[in-house]
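# Examination of the molecular architecture
In case you want the letters, here they are:
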Amino acid sequence: MRTDAVKYDRMRKDASPPSPIIKDCLCAFFSGGAICLVGEILRTAFLSAGLEQKDAALLTSACLIALSALTTALGWYQKLAAHAGAGTLVPITGFANSIVSPAVEFRSEGLVPGVGAKMFIIAGPVIVYGTLASVVWGILYFLSKLWIGG
């Protein structure tokens, strides 16, 4: 069955109603801001508990990753993403979600062939590149210190 461009365009418009752009942008803005607010509350709590700035930032990141992984495993992160849209792609929580989602999806295949093999299917290239880049930059830094004598 062949359809011409005009008929195809009409069918496409009927099948996909327009999305409310302003509403979607506001939801993304406020949900992303809420995730950042949770991070800031955690950081402030760690600082007021007497931790140094660097340690508080590290614990804040770890807590946001753990919360994102937990909510993904429970199925809540996907429900939030359905309403909040791009706001849930805040880098640290979105990255944790991208690692945990395939693991949760393939858990029926077993721990090693399912969870272990599929966990890094999306985020794996990013992790490999980040690790490789940090090793290369570390070696270059070390060599520059040897040659410059710093």
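I will try to describe carefully the structure that is included in this document.

Right, let's talk about the overall build of the protein chain for a bit. Helix and strand counts for the protein chain come out as seven helices and zero strands. Helices (α) and strands (β) of the protein chain occur, in sequence order from the N terminus, as α-α-α-α-α-α-α. When the 150 residues of the protein chain are sorted by exposure, 21% land in the buried category. Pairs at least 24 residues apart make up 49% of the contacts formed inside the protein chain by residues separated by at least 6 positions. Looking at the protein chain as shown, the accessible area adds up to about 11000 Å², and 72% of this sits on carbon and sulfur atoms.

Summed over the entire model, instances satisfying the criterion amount to three salt bridges. R12 is the salt-bridge partner of D9, the closest N and O atoms lying 2.6 Å from each other. Placement of the pair is D9 and R12 together in helix α1 (residues 5–15), with a separation of three residues, close to one helical turn. Judged by relative accessible area, which is 39%, R12 ranks as partly exposed. Between E40 and R43 there is a salt bridge; the shortest N-O distance is 2.6 Å. With a gap of three residues between them, E40 and R43 both fall in helix α2 (residues 21–48), about one helical turn apart. Residue class for R43 comes out partly exposed when judged on its relative accessible area of 22%. Each member of the salt-bridge network shares a partner with another, and the members are D9, R12 and K13.

With that settled, the discussion passes to the environment of T72. With respect to the helices, strands and loops of the structure, T72 is situated in helix α3 (residues 53–74). On the accessibility criterion, T72 (3% relative accessible area) is buried. Residues T72 and T93, spaced 21 residues apart in sequence, show a C-alpha to C-alpha distance of 9.8 Å. Look past the residues within four positions of T72 in its chain and what remains in contact with it is Y77, Q78, N97, V100 and S101. Separated by 2.8 Å, the side chains of T72 and N97 make a polar contact.

Tracing the sequence through the fold places S68 in helix α3. Apart from the residues within four sequence positions on either side, S68 is in contact with Y77, T93, A96 and N97.

With that out of the way, let us pick up helix α5 (residues 91–105). Since the α-helix advances by 3.6 residues per turn, residues separated by three or four positions end up pointing in the same direction. The first and last C-alpha atoms of α5 sit 21 Å apart over 15 residues, in line with the 21 Å expected at 1.5 Å per residue. Among the residues of α5, those classed as buried are T93, G94, A96, N97, S98, I99, V100, P102 and A103.

We now examine the environment of A28. For A28, the location among the structural elements is in helix α2. Since its relative accessible area comes to 17%, A28 is described here as buried. Linking A28 and A86, residues 58 residues apart in sequence, is a C-alpha distance of 5.3 Å. Excluding residues that lie within four positions of it along the chain, A28 makes contacts with A84, A86 and G87.

About the cut-offs
Residues numbered from 1 in each chain as written. Predicted model: local features only at pLDDT ≥ 70, side-chain atom pairs only at ≥ 80, totals over all residues. Heavy atoms only, no water. Helix = DSSP H or I, 4+ residues; strand = E, 2+ residues; numbered from the N terminus. Buried < 20%, exposed > 50% of the residue type's maximum accessible area, 1.4 Å probe, protein only. Contact = heavy atoms within 4.5 Å. Areas by Shrake-Rupley, 256 points an atom, 1.4 Å probe, with all protein chains shown as cover. Salt bridge = Lys/Arg side-chain N within 4 Å of Asp/Glu carboxyl O. Polar contact = N/O pair within 3.5 Å; in protein donor to acceptor, adjacent residues only side chain to side chain. Expected span 1.5 Å × (residues − 1).

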